[in-house]
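Examining the three-dimensional arrangement
Okay, here's what each chain looks like letter by letter:
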Amino acid sequence: MDLHLSDEHRMIRDMARDFAQKEIAPIAARYDESGEFPYETIMKMGAQGFMGIEVPEEYGGVGMDTLAYVLALEEISKVDASHGVIMSVCNSLYCYGILHYGTEEQKQKYLRPVASGEVIGAYALTEPQSGSDAANIRVTALLSPDGSHYVINGTKSWITSGPVAKYILLFAQTDPEAKPRYRGVSALIIDTDEPGFSRGKTEPKLGIRASATCEIHFEDYKCPVERRLGKEGEGFKIAMAVLDAGRIGIAAQALGIAEAAYEAAREYAREREAFGKKIGQFQMIQQKLADMKTRIEASRLLIYKAALAKEAAKETGKRYTLESCMAKTFASETAMWVTTQAIQIHGGMGYSKELPIERYFRDAKVTEIYEGTSEIQRMVIARLETGLR
Ligand code: CAA
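Residues numbered from 1 in each chain as written. Predicted model: local features only at pLDDT ≥ 70, side-chain atom pairs only at ≥ 80, totals over all residues. Heavy atoms only, no water.

As for the overall build of the chain
Helix and strand content of the chain: 12 helices and 10 strands. Rg of the C-alpha trace for the chain: 21 Å, near the compact-globule value of 21 Å for 389 residues, within the 12% margin. Across its three principal axes, the chain shows a C-alpha extent of roughly 80 × 45 × 40 Å. Within the span of the chain, comprising 389 residues, buried residues form 56% of the whole. For the chain, long-range pairs separated by at least 24 residues make up 75% of all intrachain contacts whose partners lie at least 6 apart in sequence. Carbon and sulfur atoms provide 53% of the accessible area of the chain, an area that totals close to 17,000 Å². When the 48 basic and 54 acidic side-chain charges of the chain are each reduced to a single mean position, those positions are 4 Å apart. (Helix = DSSP H or I, 4+ residues; strand = E, 2+ residues; numbered from the N terminus. Rg over C-alpha atoms; globule rule 2.2 N^0.38 Å. Buried < 20%, exposed > 50% of the residue type's maximum accessible area, 1.4 Å probe, protein only. Contact = heavy atoms within 4.5 Å. Areas by Shrake-Rupley, 256 points an atom, 1.4 Å probe, with all protein chains shown as cover. Lys, Arg positive; Asp, Glu negative; His and termini not counted. Charge placed at Lys NZ, Arg CZ, Asp CG, Glu CD.)

Here it is, written out as structure tokens:
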């Protein structure tokens, strides 16, 4: 694996780092506290191209590769994981889906505005009864008698950026009788300004509090057939393939959180004294720091490997599900473990809202849950490795 970063890669990483330090760092704690959506900084990120990093310029993006995306997302998440997840969903769930499965017309109309950062995109797969068992979809999209549109009814839950999204990539049953059920699922592009669409309450969350999450409801919402992505019945496979891309993003988000917590802990260990010594001179703290650093670097390697596998897939068409699931599992569990150790190293100060350590800890947890829990990632990895189900 070639880990040499090109000038272009270093440039996007430094740009994201500067932006995060200047624009996000001063507001992150305040928005975490209030749970308000950071609209202004998200719009600024969009204007700088951070919402469509891998989207070609002809569709409003900046036309870079997956490694560039991962590097930028890591830097943003290192300062604030809420900005990180909003960026991740726009790039790798919404834009990736439309870019890879959309027609030319769909790309011009529904990819360009999100990739160029004018509006926000979201992805709607989960329902109240179907989280891990994603194929158990009950939202219906039934073709009208004249075949011009689908009539959509039902509820999706836990929609990241749902309260603010203009467009949503929705997965619904166009053939509720299909066996197995996933063969009846189709992907549709939703314009949230149209009648029949409404939003439920915003979820009060433990972490990533500045990112907005809600239920969305459809009541006889009419979606023109021209807004179907791919063929009827292909939706579940599109949803899964898009998650292969998305999980690399969440892994990069987790890496950013872990790095922030580690660096804070390392600095604290250098300064804080106990029993007449710097606490970093005690072996028990040294062991923690050494293991934190090692796990972070191991996560980075898995993430970069997954990013390169995704890049190679553009030529070969080969799935990179295994690389993506391994990167997400390891990086998210590393983030949870590293943030826990960071609190321990800080002692009482780690538990206080005076420092961002407790925010990193709260933000890390969701990376083990969304875009497929660690249990689901392991199930997919084991199925791919053994060929057994
Ligand atoms: N790419 C392409 N096709 C795929 C695929 C992939 N990665 N994974 C599966 N498929 C295909 C299979 O080949 C199969 O098709 P065939 O029968 O033609 O071969 C079909 O899809 C069904 O696959 P499975 O039999 O494996 O399906 P399953 O019902 O056993 O479930 C699962 C698979 C992996 C458990 C899936 O349900 C899953 O990933 N669950 C987790 C859901 C999830 O991650 N949700 C995240 C919500 S979005 C989110 O969280 C965003 C956010 O807020 C930030």
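Details of the pattern of salt bridges
A full pass over the atoms with the stated rule returns 27 salt bridges. Note that Asp7 is salt-bridged to Arg10, the shortest N-O span being 2.7 Å. Here Arg10 and Asp7 lie together in helix α1 (residues 7-24), a separation of 3 residues that amounts to about one turn. Owing to a relative accessible area of 62%, Asp7 belongs among the exposed residues under this scheme. Residue Arg10 is classed as partly exposed on the basis of its relative accessible area, which comes to 33%. Here Asp80 makes a salt bridge to Arg359, at a shortest N to O gap of 3.3 Å. Linking Asp80 in the loop between α4 (66-79) and α5 (81-101) with Arg359 in helix α11 (residues 357-365), this pair joins segments that are 279 residues apart in sequence. A relative accessible area of 2% places Asp80 in the buried class. Judged by relative accessible area, which is 7%, Arg359 ranks as buried. A network of salt bridges, in which partner residues are shared, links Glu74, Glu259, Lys293, Glu297 and Arg300. (Salt bridge = Lys/Arg side-chain N within 4 Å of Asp/Glu carboxyl O.)

Examining the domain arrangement of the chain
Looking at the chain, the domain boundaries give domain 1 (7-119), domain 2 (122-233) and domain 3 (236-386). Averaged C-alpha coordinates put domain 1 and domain 3 at centres separated by 20 Å. Here domain 1 and domain 3 share an interface that buries about 2,300 Å² over both sides, 60% of which is from carbon and sulfur atoms. Taken together, the links from domain 1 to domain 3 amount to 6 salt bridges. (Domains from an automatic or database assignment. Buried area = accessible area lost by both parts, 1.4 Å probe.)

Comments concerning the packing of aromatic side chains
Applying the stated criterion to the full structure yields 8 aromatic pairs. Measuring from ring centre to ring centre gives 6.3 Å for Phe275 and Phe282, while their planes differ by 85°; the resulting arrangement is edge-to-face. Phe275 sits in the exposed class, given a relative accessible area of 81%. One aromatic cluster is present, built from ring pairs that chain together Phe197, Phe218 and Tyr221. We note Arg295 situated over the ring of Trp337; from NZ or CZ to the ring centre the distance is 3.7 Å. (Phe/Tyr/Trp six-rings, centres within 6.5 Å; stacked < 30°, edge-to-face > 60°. Lys NZ or Arg CZ within 6 Å of the ring centre and 35° of its normal.)

Side note on unusual backbone geometry
With an omega dihedral of -10°, the bond running from Lys179 to Pro180 counts as a cis peptide bond. Position of Pro180 among the secondary structure elements: in the loop between β4 (167-173) and β5 (185-191). Even without glycine at this site, Phe275 takes up a positive phi of about 50°. Secondary-structure assignment places Phe275 in the loop between β9 (273-274) and β10 (277-278). Positive phi values are uncommon outside glycine, yet Glu371 reaches one of about 55°. Mapped onto the elements of the fold, Glu371 is located in the loop between α11 and α12 (374-386).

Examining the pairing of strand β3 (residues 149-160)
Each regular strand shows side chains that alternate between the opposite faces of the sheet. When strand β2 (residues 140-143) meets β3, the two strands line up antiparallel, connected through 4 bridges. Looking at the pairing, Thr140 lines up with Asn153 of β3. The turn joining β2 and β3, which pair antiparallel and follow one another in sequence, is formed by 5 residues; a positive phi near 70° is taken by Gly147. As paired elements, β3 and strand β7 (residues 213-224) share 9 bridges and run antiparallel to each other. (Pairing = 2+ DSSP bridges.)

Considerations on α5
Between its terminal C-alpha atoms α5 stretches 28 Å, which fits the 30 Å expected from 21 residues at 1.5 Å a residue. With respect to burial, α5 is a largely interior element, 19 of its 21 residues being buried. (Expected span 1.5 Å × (residues − 1).)

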